[in-house]
Amino acid sequence: MSGIVGSITAISKEFNDLDNNTIKGIKTANYLEGKIKDAELEKQTTQVQEKPAEEIDPAKLVEDIKDDMTR
């Protein structure tokens, strides 16, 4: 799994495996926070890239140009 779901799953597993080791918990938390930030950034980037580009209809463009020229 990748992305946010994969990061949350990994964090949950890591948290359950800590066994009250504070130093390991702090190191793990810092590492996993970075993974979450990377996943969130990747998700935002993907959403921005997925926006469809505006398609130009040639027939409508020709009609708009003709209309502008006749005014």
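Please read all numbers here as calculations on a predicted model, not as lab measurements.

1. Some points on the overall build of the protein chain
The helix and strand tally for the protein chain stands at 3 helices and 0 strands. Carbon and sulfur atoms form 56% of the exposed surface of the protein chain, whose accessible area is close to 6,500 Å².

2. Quick look at the confidence of the model for the protein chain
Per-residue confidence for the protein chain averages 79 on the pLDDT scale, and 89% of its residues sit at or above 70. When the elements of the protein chain are averaged for pLDDT, helix H1 (residues 3-16) gives the smallest value, 77, and helix H3 (residues 58-70) the largest, 86.

3. Comments concerning the pattern of salt bridges
Summed over the entire model, instances satisfying the criterion amount to 2 salt bridges. One salt bridge in this structure joins Lys-37 and Glu-33, with 3.6 Å as the shortest N-O distance. One end of the pair, Lys-37, and the other, Glu-33, are both in helix H2 (residues 22-49), 4 residues apart, so they sit about a helical turn from each other. One salt bridge connects Asp-64 with Lys-60, and the closest N-O pair in it is separated by 3.3 Å. Of this pair, Asp-64 and Lys-60 both sit in helix H3, 4 residues apart, which is roughly one turn of that helix. Residue class for Lys-60 comes out partly exposed when judged on its relative accessible area of 49%.

What counts, and where the lines are drawn
Throughout this description, residue numbers start from 1 for each chain and increase along the sequence as written. Confidence filtering applies because this is a predicted model: local features only for residues at pLDDT of at least 70, side-chain atom pairs given and counted only at 80 or more, and all residues used for totals across whole chains, interfaces and linings. Only hydrogens and water are removed before side-chain values are computed, so all heavy atoms of the structure are retained for them. A run of DSSP states H or I qualifies as a helix once it reaches four residues; a run of E qualifies as a strand once it reaches two. Both are numbered from the N-terminal end. To measure how exposed things are, a 1.4 Å probe is used in the Shrake-Rupley method; for residues, cover is taken only from the protein chains shown. On a scale of 0 to 100, pLDDT captures the predictor's confidence in every residue. Salt bridges are counted wherever a side-chain nitrogen of Lys or Arg sits within 4 Å of a carboxyl oxygen of Asp or Glu. Buried, partly exposed and exposed residues are distinguished by accessible area as a fraction of the type maximum, computed with a 1.4 Å probe on protein chains only: under 20%, between the cut-offs, and over 50%, respectively.

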